[in-house]
Amino acid sequence: MTQDKTYLRTTFDQDALLYDQARPGYPKALFDDIVTLSALPPDGRLLEIGCGTGQATLPLAQRGYHILSIELGANLAALARRNLAAYPLVSIHTEAFEAWQLEEEAFDLAFSATAFHWIDPAISYQKTAQALKPSGAIALFWHMHVQSEASQGFFEEVQQIYRRQAPEQEEKYGPLLWPHEVQEPVKAEMEQMGLFRDVVVRRYHWDVTYDAASYLRLLDTYSNHRVLEKHRHDRLFHDIADLINTRYHGCVTKGYLAILYVAHRK
């Protein structure tokens, strides 16, 4: 893992409460599909890789599963423990997944929500497979920003602001794809690893509307925004807020697409 990536994955811990409040969750149907596609037993034991503040942990904890969550960030883990305090079958360990002492063939399901890409790929799949029972499954899912008819051209306009104020961000936060244009590269990656079989993919699309303040709070949860120098960060955010307030009547709608990959251990 590069030094830059190692640093970027620690930025989420700097403001755990903001991350918890501003980041979107995941559709209920996604968790229904995880349970069904993984053939998860009612008394299943789950391993979560990168729980953050517990947004994806909670829907599975509410179903009564035993869950061991591994979280790198101490502040995120502390907030997750508060959010999940009503669920005694959930245990949260604060450490890097790479350093976690492997429990071999101990889990019915390993899952990771918008976090697995931060783990060193030389370790992530192999260690996860080793943690699973022979009948176990892996569920990986991410949400990403996509075009929506309701956005009304906002993301094309905001790209001009990135080009002016933070040109190095333009590629990452440039024109958004429509949901049907988004590829599914993780499926091929999982198949090539040779550790899992029968990879199934499910997709979920929804829209969220933000006012200027809540949209900027969302942006401040992303590592590439958080690492900007303060004066550049402030200019960028000022111009984005001005665009929302003057051209979009104070609110903007963002499309989200979640992609779920479920496979069984070979």
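Residues numbered from 1 in each chain as written. Predicted model: local features only at pLDDT ≥ 70, side-chain atom pairs only at ≥ 80, totals over all residues. Heavy atoms only, no water.

### Remarks on the overall build of the protein
- Along the protein, the regular secondary structure elements total 11 helices and seven strands.
- For 266 residues, the compact-globule estimate of 2.2 N^0.38 gives 18 Å, and the C-alpha radius of gyration of the protein, at 19 Å, lies within 12% of that figure.
- Projecting the C-alpha coordinates of the protein onto the three principal axes gives extents of approximately 55 × 35 × 35 Å.
- Intrachain contacts of the protein at a sequence separation of at least 6 include 80% that bridge at least 24 residues.
- Distance from the positive charge centre (26 side chains) to the negative charge centre (34 side chains) of the protein: 1 Å. (Helix = DSSP H or I, 4+ residues; strand = E, 2+ residues; numbered from the N terminus. Rg over C-alpha atoms; globule rule 2.2 N^0.38 Å. Contact = heavy atoms within 4.5 Å. Lys, Arg positive; Asp, Glu negative; His and termini not counted. Charge placed at Lys NZ, Arg CZ, Asp CG, Glu CD.)

### Observations concerning the packing of helix 9 (residues 212-219) against helix 11 (residues 230-247)
- Between helix 9 and helix 11, whose axes approach to 9 Å, the crossing angle comes to 145°. As helix 9 packs across helix 11, the resulting crossing turns out to be right-handed. Within the contact between the two elements, helix 9 uses Ala212, Tyr215, Leu216 and Leu219 and helix 11 uses Phe237, Ile240, Ala241, Ile244 and Asn245.
- Across the contact of helix 9 with helix 11, the residue classes break down as eight nonpolar, one polar and no charged. (Axes fitted to C-alpha atoms, helices over the stretch in contact; angles between N-to-C directions. Left-handed = near helix turned anticlockwise from the far one by under 90°. Nonpolar A, V, L, I, M, F, W, Y, C, P; charged D, E, K, R; others polar.)

### Overview of the environment of Leu243
- Looking at the secondary structure, you find Leu243 in helix 11.
- Judged by its relative accessible area of 8%, Leu243 falls in the buried class.
- In this structure, the C-alpha to C-alpha distance between Leu243 and Tyr222, residues 21 residues apart in sequence, is 20 Å.
- Sequence-distant contacts of Leu243, that is, excluding residues within four places in its chain, are made with Phe154, Glu157, Val158, Ile161 and Tyr248. (Buried < 20%, exposed > 50% of the residue type's maximum accessible area, 1.4 Å probe, protein only.)

### Observations concerning helix 6 (residues 121-131)
- Along helix 6, the residues that are buried comprise Ser124, Tyr125, Lys127, Thr128, Ala129 and Ala131.
- Check the buried side of helix 6 and you find it contacts strand 1 (45-49), strand 4 (107-113), strand 5 (132-146), helix 8 (185-193), strand 6 (196-211) and strand 7 (251-265).
- Structurally, the start of helix 6 carries an N-cap: the backbone nitrogen of Ala122 is 2.9 Å from a side-chain oxygen of Asp120. (Polar contact = N/O pair within 3.5 Å; in protein donor to acceptor, adjacent residues only side chain to side chain.)

### Structural notes on the packing of aromatic side chains
- Taken as a whole and judged by the stated rule, the model has 13 aromatic pairs.
- Measuring from ring centre to ring centre gives 6.4 Å for Tyr26 and Phe31, while their planes differ by 90°; the resulting arrangement is edge-to-face. Across this residue pair, the class does not change: Tyr26 and Phe31 are buried.
- Chaining the aromatic ring pairs together yields one cluster made of Phe154, Phe155, Tyr210, Tyr215 and Tyr248. (Phe/Tyr/Trp six-rings, centres within 6.5 Å; stacked < 30°, edge-to-face > 60°.)

### Focus: the sheet that holds strand 4
- One open sheet accounts for seven strands, arranged 3-2-1-4-5-7-6; its pairing is mixed. Two strands close off the open sheet at either side, each with one partner strand: strand 3 (90-94) and strand 6. The sheet shows a mean angle of 15° between the axes of neighbouring strands, taken without regard to direction.
- Where strand 6 and strand 7 come together, 14 bridges link them in antiparallel fashion. (Pairing = 2+ DSSP bridges.)

### Considering the nonpolar core
- Counting residues in hydrophobic clusters, the biggest one holds 53 residues, and the most contacted among them are Leu30, Phe141, Phe154, Tyr215 and Ile240.
- Look past the residues within four positions of Leu30 in its chain and what remains in contact with it is Phe141, Tyr204, Ala258 and Leu260.
- Formed by 30 residues, the second largest nonpolar core is a distinct cluster that contains Phe107, Leu132, Leu257 and Ala263. (Core = buried A, V, L, I, M, F, W, Y, C linked by side-chain atoms within 4.5 Å.)

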